Each structure stands twice: as structure tokens, then as C-alpha cells.
Amino acid sequence: MTTMKGLIQLVNTLQQVFTNLRYFVDDDYFPVFAVLPSIAVVGGQSSGKSSVLESIVGRDFLPRGPVAMTVAVVEGNATLGFQNLQLESVIRARIPDVASLISRSIDDIESELNILGRPIPIDGGAQLYTILELCRAFEQTFKEHLVGGRPGGDRIHVVFEHQLTAALRKIPMDRHLSVKNVKRVVYEADGYQPHLVAPELGYRRLIEGALTYFRGPAEASVDAVHIILKELVRKTIAGTQELRRLPALQSEIAAAAYEALEKFREESKKTTLRLVDMESSYINVDFFRKFPQEDLTGGIPATSPSGRFSEAHFQRIGSTVSSYVDMVSHTLKNSIPKAVVHCQVREAKQGLLNHFYTQLGSKEVNQLTELLAEHPELMAKREKCSKRLALCRSARDEIESILWTS
């Protein structure tokens, strides 16, 4: 049979556990305080309430006097002695549920602390390591977004396969190679020379003029990919949990990434426009040699009876130039995406924060500390969670000790 002393010790242990937890755990969050049975006696003044309670407890402990009102809750104070074995049975029956609840609470608090993040180190070397670790986590997540389909790789593919293709098709080549414009360009380039059947300079000017239209789609492809990469940076920043609590570092990483992307865009734009300019600078003469001479002259003699070329002659020139431009368009449709991927996507994957790493090496400890500054509210929340966790672990140990002595 359980002794009165043992029962009081059991109740006191539970009460101490719950009292400690009460300071850091809300009743709604941690409803363990109702575990101990309560006894309430209700009645008018001098109706014998105190006597009923003291008879249950077996000891005189309540005040006396005409102004004393008794509304008492008995939860097992050290001065109380219980005689009812049923009371002990009820208490012990509830202990496993309390232990389980405390264990779940420990898991919840540990998860919350993981979200809040580890405390920031104060050592300069440890701070630098922490920053580098967070930067690598950012870069890894960025790469996953970039190569893992939407919203990265698939959208870039759409830029090349749909947007660039559509832009090339919309180039107003019919207007540029209309008979009226061909005649104007040829006469302005070569002058009125009846003996000049195939105006070389006229062909060149027409081709150069046509290829200037390709600069717009080339630049648009560069800008479209740049926008996608910037959106991926924003998405990665928002999705890197550890960076959320470090606004200064988050801002620095974002600024460094955007600066790098801007440099990649400028280099990509130079490269793609250089591809277009190269096609304008060198015209593949062999392409025109495959055409019969009459195709280049429009099937008419060098001079007509009127001393001028017929309209069919300029139509044939326009058609020949159009065939050449179509060939160049196909080439650029393949080479522009390669240049963009090489200058922007590849560089973003391999060295988005390279310049930032270089800057970190020259920062003083106080500057590293500023980068790792947290929100005061978050620090307070982490401290409170840490105290709650320590108390819950202590409570778990106390409860387990009671279970082992059951």
C-alpha cells in the first residue's frame, strides 16, 4: 500500500513540474495543469465546508473566522496528506498522457527552433563560415530552380523556341525587299549604271539593312532571360529559410546577385549583337554563285531599250536577297540562344556570387556582425523557445522518473 509520504511526494513532484512550465507555456498550448484531480466545496457561510475538506484530507489546515470564505482547490500541496487510494490511482493513470504530451511539445519546440535558426556566433571566423554556408545554400537553391524545369529552364526554353522564333518571323522583310525599296537602295548604292547587271554594292546594302532587323530580337532574348534570372534570385531569396531572419545579409546577397546578372546581361548583349554584326560584315559569296546568272539579272539583258532595268529585275534581286537572309536567320536562330546561355545562364550557375565572396574576404569582424544582425523580435522568440525547451526536457525527465517508480 502506498504510504501518505510517498503520495505527497508524487503530487508535489507533479505540481512542481507544472508550476515551472506555467511561466513559459500558455494553458491553451500546454493543457497539463488539469491533470491533478480538484475538489471544490460550495456552500453558505458556516455551513461546514472547511470541515468537509479537512475530513477528506485528514488534517486541520483551513482558516477559521466569521469573514473566512472557503472556495478551495486541492492539488497536492506538501502539507496535505491524502487518505484516498482512489485519488492516487487517478493521478497515476494520467501520468502517461502527460508524458506523451510533453514529448510532443518538445518535438514542436525543437521544430520551431530549427525554423528560427541557430544563434549567431560572435567569433569572426565562425561568422565568416556562417555567411559562406548561407551563400552556398542560396546558390544551390538557385541552381535547382534554374535547371529543375519551371520556373527556370522551361521558361528560358520558351524564350528561344517561341518568343525568338516569333520575333524573327515578324521582321518586316517584305517591306524592306519590296521592288520600290530594292530599286531605291540599288540606285543609291551603285548609281544608275546600265552596264551593272548584278549590283554588288546594292546587294550588300540590302543584306546589311535586312540584318539590322535582327538586332531587336537578339536584344529582346537577352533581356527576357535576364528577367527570368532576376525572378529566380527573388524566389531563391524568399525560399532560403535561414536568410529570412538576417535582413542585412539577405539584402547584400540580393544586391550582389543582381549586380552579377547585370554584368552577364551586358556581356551577353555584346556577344549576340556581335553575331548579327558578323553576319553583316561577311557575306557568303558562294551562296550567290549557285544561282544562274539570269537569276541575278532578272532574265533580261544588261540594258533595256529604255536604258533602265525592268521591275522583274528588281524583284529577282529582292528574292535572291530574301533567300540569303532566310539562311542567315536560321543560323542566328541557333547561335543567339547559344550565346545567351553561355554568357548568362552558364555564368549565373557557375559564379553568381563570386564577386561577393571576394568582398567578404576583406570585411572586418564588425562588418560581418552587421551582416548577421537579426530582428530583435526573433532573438527574443528564440530565447523564449530555448527556455521552454529546457523546462519541457526537465519536466520529461521528472515524469519519466515517476513512471519508473510506479
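The residue numbers shown here count from 1 along each chain, following its written sequence. Whole-chain, interface and lining totals are the exception, using all residues; otherwise, since this is a predicted model, local features are given only for residues with pLDDT of at least 70 and side-chain atom pairs are given and counted only at 80 or more. To get the side-chain values, take all heavy atoms of the structure and skip hydrogens and water.

A. Molecular detail of the overall build of the protein. Per the secondary structure count, the protein includes 17 helices and zero strands. By definition in these notes, contact holds between two residues if any of their heavy atoms fall within 4.5 Å. Taking the contacts inside the protein whose residues are at least 6 apart along the sequence as the reference set, 81% of them involve residues at least 24 apart. Only the protein chains shown count as covering a residue, and every accessible area follows the Shrake-Rupley method with a 1.4 Å probe. Total accessible area on the protein stands at roughly 22400 Å², and carbon and sulfur atoms take up 53% of it. A run of H or I in DSSP counts as a helix once it spans at least four residues, and a run of E counts as a strand once it spans at least two, with each numbered from the N terminus.

B. The arrangement of the pattern of salt bridges in detail. When a carboxyl oxygen of Asp or Glu lies within 4 Å of a side-chain nitrogen of Lys or Arg, that pair is called a salt bridge. Tallied over the entire structure, the rule returns nine salt bridges. With a shortest N-O distance of 3.4 Å, R265 and D223 are connected by a salt bridge. With a gap of 42 residues between them, R265 in helix α11 (residues 247-281) and D223 in helix α9 (residues 215-239) connect regions that are remote in the sequence. Exposure classes here rest on a 1.4 Å probe applied to the protein chains alone. A residue is buried below 20% of its type maximum, exposed above 50%, and partly exposed in between. Residue class for D223 comes out partly exposed when judged on its relative accessible area of 25%. D223 is paired through a salt bridge with K269; the nearest N and O atoms lie 3.1 Å apart. Linking D223 in helix α9 with K269 in helix α11, this pair joins segments that are 46 residues apart in sequence. The class of K269 is buried, set by a relative accessible area of 17%. Within this structure, D223, E262, R265 and K269 form a network of salt bridges that share partners.

C. Up close: the packing of α11 against helix α14 (residues 311-351). Taken N-terminus to C-terminus, the directions of α11 and α14 make an angle of 160°; their axes are 9 Å apart at the nearest point. Looking at the two axes, α11 sits roughly antiparallel to α14. With respect to the hand of their crossing, α11 and α14 are arranged in right-handed fashion. Here α11 contributes L261, F264, R265, E267, S268, T271, T272, L275, V276 and E279 to the contact with α14, which in turn contributes V328, T331, L332, S335, I336, A339, V340, C343, Q344, E347, A348 and G351. Its residues placed into classes, the contact of α11 with α14 shows 11 nonpolar, seven polar and four charged. To get an axis, fit a line to the C-alpha atoms, keeping to the stretch in contact for a helix; angles then go from 0 to 180 degrees between the N-to-C directions. In this scheme, roughly parallel covers angles under 35 degrees and roughly antiparallel covers those over 145, while 65 to 115 is roughly perpendicular and the rest are oblique. Left-handed is the label given to a crossing in which the near helix is rotated counterclockwise from the far helix by less than a right angle, and right-handed is the label when the rotation is clockwise. Residues are grouped as follows: nonpolar covers Ala, Val, Leu, Ile, Met, Phe, Trp, Tyr, Cys and Pro; charged covers Asp, Glu, Lys and Arg; every other residue, Gly included, is treated as polar.

D. Molecular detail of the side chain of S268. Tracing the chain through its elements places S268 in helix α11. For S268, a relative accessible area of 0% gives the class buried. For S268, the contacting residues outside a window of four places in its chain are V222, A339, V340, C343 and Q344.

E. Inspection of the packing of helix α4 (residues 124-147) against α9 at higher detail. The N-to-C vectors of α4 and α9 enclose an angle of 130°; their axes lie 9 Å apart at closest approach. With respect to their mutual orientation, α4 and α9 come out oblique. The crossing of α4 and α9 is right-handed. For the pair α4 and α9, the contacting residues are F138, T141, F142, H145 and L146 in the first and L229, L232, V233, K235, T236 and I237 in the second. In the contact of α4 with α9, the residues fall into seven nonpolar, three polar and one charged.

Honestly, that's just the spatial picture; any functional story needs more than this.
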